[in-house]
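Listed here are the chains, written in short residue letters.
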Amino acid sequence: MDEAITGIYARESPAIDRVVQLGAASGRVISISFPEEVPADAAGDHPVLERLLAALDGEEDDFGDVTVALTVPTPHRGVLEEVRTIPYGRERDVASIARSVPDLDDEDGETVRAALRENPLPILIPDHRVPDGPSAAPAAVEARLRSLEGI
């Protein structure tokens, strides 16, 4: 991502009947959210926002090349980095994620669930691929993504 692309970007997605908002700083995506309306100070054109909208329209994208910045507690970072590796159209349960993260085990399900619930980058970090965990995205967005991926 271009270092100069910093700010808030948002556009409506007809696929989910909601706005998709992206926050970027220093060439990294720092947040994705789904507000009711496009904020007055938001720009509309950002290459990752275009890809997010295309994904919600059904275009397959693993977003592996998108640089993100995670400002979350260390245990959550490990969980979210692990979730980011779940391939398109596949699922992983909370216990298997906990076992894969250093310093966690399958008894740490609440740590995994808390990280998913507070995920600042839904879609880029595909929490919708964890069927027994919460998603940070609204239910309609989660359902749309799961439906598109056949999971």
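Use the structure listed above.
These numbers come from a predicted model, not from an experiment.

**Description of the pattern of salt bridges**
Consideration 1: Going through the model one piece at a time under the given rule, you end up with nine salt bridges.
Consideration 2: For Asp45, the salt bridge is made with Arg11, and the minimal N-O distance between the two is 4.0 Å. With Asp45 in the loop between strand 3 (28-33) and helix 1 (47-56) and Arg11 in strand 1 (residues 7-13), this pair connects stretches of sequence that are 34 residues apart.
Consideration 3: The exposure class of Asp45 is exposed, given its relative accessible area of 65%.
Consideration 4: One salt bridge connects Arg18 with Glu36, and the closest N-O pair in it is separated by 3.1 Å. Of this pair, Arg18 sits in strand 2 (residues 18-25) while Glu36 is found in the loop between strand 3 and helix 1, placing the two residues 18 residues apart along the sequence.

**With respect to the pairing of strand 2**
Consideration 1: The buried fraction of strand 2 is high, at six of eight residues.
Consideration 2: As judged from the seven bridges shared by strand 1 and strand 2, these two strands associate in the antiparallel manner. Bridging across to strand 2, Gly7 finds its partner in Ala24.
Consideration 3: Here strand 1 folds back onto strand 2, and the loop between the two strands holds four residues, one of which, Asp17, carries a positive phi near 55 degrees.
Consideration 4: Two successive antiparallel strands, strand 2 and strand 3, enclose a turn made up of two residues, where Ser26 displays a positive phi of approximately 50 degrees.

**Re the pairing of strand 3**
Consideration 1: Across five bridges, strand 2 lies against strand 3 in antiparallel orientation. Counterpart to Leu22 in the pairing with strand 3 is Ile32.

**Some points on unusual backbone geometry**
Consideration 1: At Asp17, a position not held by glycine, the phi torsion is positive, near 55 degrees.
Consideration 2: Relative to the assigned elements, Asp17 resides in the loop between strand 1 and strand 2.
Consideration 3: When its relative accessible area of 68% is taken as the criterion, Asp17 is described as exposed.

**Description of the nonpolar core**
Consideration 1: Counting residues in each nonpolar core, the largest one holds 40 residues, and the members touching the most others are Val29, Leu52 and Leu124.
Consideration 2: If you list the elements that add at least two residues to this core, you get strand 2, strand 3, helix 1, helix 2 (74-83), helix 3 (94-100), helix 4 (109-117) and helix 5 (139-149).
Consideration 3: Here this core gets six residues from one element, more than from any other, and that element is helix 1.
Consideration 4: With sequence-adjacent residues up to four places away left out, Leu52 is seen in contact with Val20, Leu22, Ile32, Phe63, Ile123 and Leu124.

**Let's talk about the sheet that holds strand 1**
Consideration 1: A sheet is described by the order of its strands in space; here three strands give the open sequence 1-2-3, paired in antiparallel fashion. On the outer flanks of this sheet lie strand 1 and strand 3, each paired with one strand and no other. Each strand axis lies, on average, 20 degrees off the axis of its neighbour in the sheet, ignoring direction.
Consideration 2: Set on the sheet, helix 1 makes contact with strand 1, strand 2 and strand 3; between it and strand 1 the angle comes to about 25 degrees.

The rules we used
- Residues numbered from 1 in each chain as written.
- Predicted model: local features only at pLDDT ≥ 70, side-chain atom pairs only at ≥ 80, totals over all residues.
- Heavy atoms only, no water.
- Salt bridge = Lys/Arg side-chain N within 4 Å of Asp/Glu carboxyl O.
- Helix = DSSP H or I, 4+ residues; strand = E, 2+ residues; numbered from the N terminus.
- Buried < 20%, exposed > 50% of the residue type's maximum accessible area, 1.4 Å probe, protein only.
- Pairing = 2+ DSSP bridges.
- Core = buried A, V, L, I, M, F, W, Y, C linked by side-chain atoms within 4.5 Å.
- Contact = heavy atoms within 4.5 Å.
- Axes fitted to C-alpha atoms, helices over the stretch in contact; angles between N-to-C directions.

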